[in-house]
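# Chains, contacts and geometry: an overview
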Amino acid sequence: MGEGTALLRAVSPPRVQAELEQRFPQGIPDEVRALHSDPEARIAELCDFLPAYWRAALAPFAAPLRAATEEEILLRARILATQGPDTLFGTLHGRLSRRSDVLRLDVGTMRITVPDVSQLVIVPLLFGRGASFFASAPDGSVALSYQAKGAAVLVGDAPPDRRADAPARGDRLEILLGRSRAGVVRGLVVPTTTSALAATLGLAPSTVSEHLTSLVAAGLVQRRRAGLRVLYELDGPGAALVEYLDNRRNLAAERG
């Protein structure tokens, strides 16, 4: 956080104004007019606000955030290394395709064609509900965001106290499997390791390992090795079970 806010404070006001004018050629909208008028003051306010926001909104999810991001990067890197860039692009829900040296990006309702790309950065989002963001630089660098697979483990409240395994009222997956085992199943929406899953759920690694052994034996989860790491992910029947029984989001909406 400290390094990031230091970089943000170092952004020059003329750069902020120039990029806003480039982004909004028809005129600066009211929502960012204050930033355009006095970038230095508004950036200082933002840098003062961000640590407080982190403590209140994100710190309770620090372990799931870190684990989901690391596993997402591992997943995409493996696809790129073993199947090539075109297959990787195909996993981004049709938002990126390539023909010769030209990239086509679908960002929201916009379709953007970018020739002569020198560098492509794809940025996984754990927030944003699937929104896409696009940015380019004069040197030919292009960045595109996409929704990470592990975002589903962050739906709902911060990880609860898992010492009691009584299921939440009305949660069909927890009623069937128990709270901690249902949490393990939900955490396998993206390939992950035992230790990362334990950190995400607040469970002992030995407990997670026991659940994984049972789920593999039941044919709901598959186990495979990626280099020095052993990854677990939902198999077909496991994914079908979650799709059919996981009503946690609907329960949260009803309680809200």
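Reference entry: report on the structure contained in this document. Here the structure is a predicted model, which means the values were calculated and not measured.

Here His 211 is to be found in helix H10 (residues 205-217). With relative accessibility at 10%, the residue His 211 sits in the buried group.

The next thing to look at is the pattern of salt bridges. Pairing between side chains of opposite charge can happen when the charged atoms of each approach one another. Under the definition given, this model contains eight salt bridges. A salt bridge links Arg 9 to Asp 48, with the nearest nitrogen and oxygen atoms 3.0 Å apart. Taken together, the residues span a long stretch of sequence, with Arg 9 in helix H1 (residues 2-9) and Asp 48 in helix H4 (residues 39-58) at a distance of 39 residues. When the shortest N-O distance is used, the salt bridge between Glu 174 and Arg 186 registers 3.6 Å. Placement of the pair is Glu 174 in helix H7 (residues 172-177) and Arg 186 in helix H8 (residues 179-186), with a sequence separation of twelve residues.

Turning to the packing of aromatic side chains, a few remarks are in order. For the structure on display, the rule yields one aromatic pair. Residues Phe 49 and Tyr 53 carry aromatic rings whose centres are separated by 5.9 Å and whose planes lie at 35° to one another, so their mutual orientation is tilted. Of this pair, Phe 49 and Tyr 53 are both found in helix H4, four residues apart, which corresponds to roughly one turn of the helix. Tyr 53 sits in the partly exposed class, given a relative accessible area of 39%. Seen from the ring of Tyr 244, Arg 172 lies directly overhead, with NZ or CZ sitting 5.9 Å from the centre.

Conventions and cut-offs
- Residues numbered from 1 in each chain as written.
- Predicted model: local features only at pLDDT ≥ 70, side-chain atom pairs only at ≥ 80, totals over all residues.
- Heavy atoms only, no water.
- Helix = DSSP H or I, 4+ residues; strand = E, 2+ residues; numbered from the N terminus.
- Buried < 20%, exposed > 50% of the residue type's maximum accessible area, 1.4 Å probe, protein only.
- Salt bridge = Lys/Arg side-chain N within 4 Å of Asp/Glu carboxyl O.
- Phe/Tyr/Trp six-rings, centres within 6.5 Å; stacked < 30°, edge-to-face > 60°.
- Lys NZ or Arg CZ within 6 Å of the ring centre and 35° of its normal.

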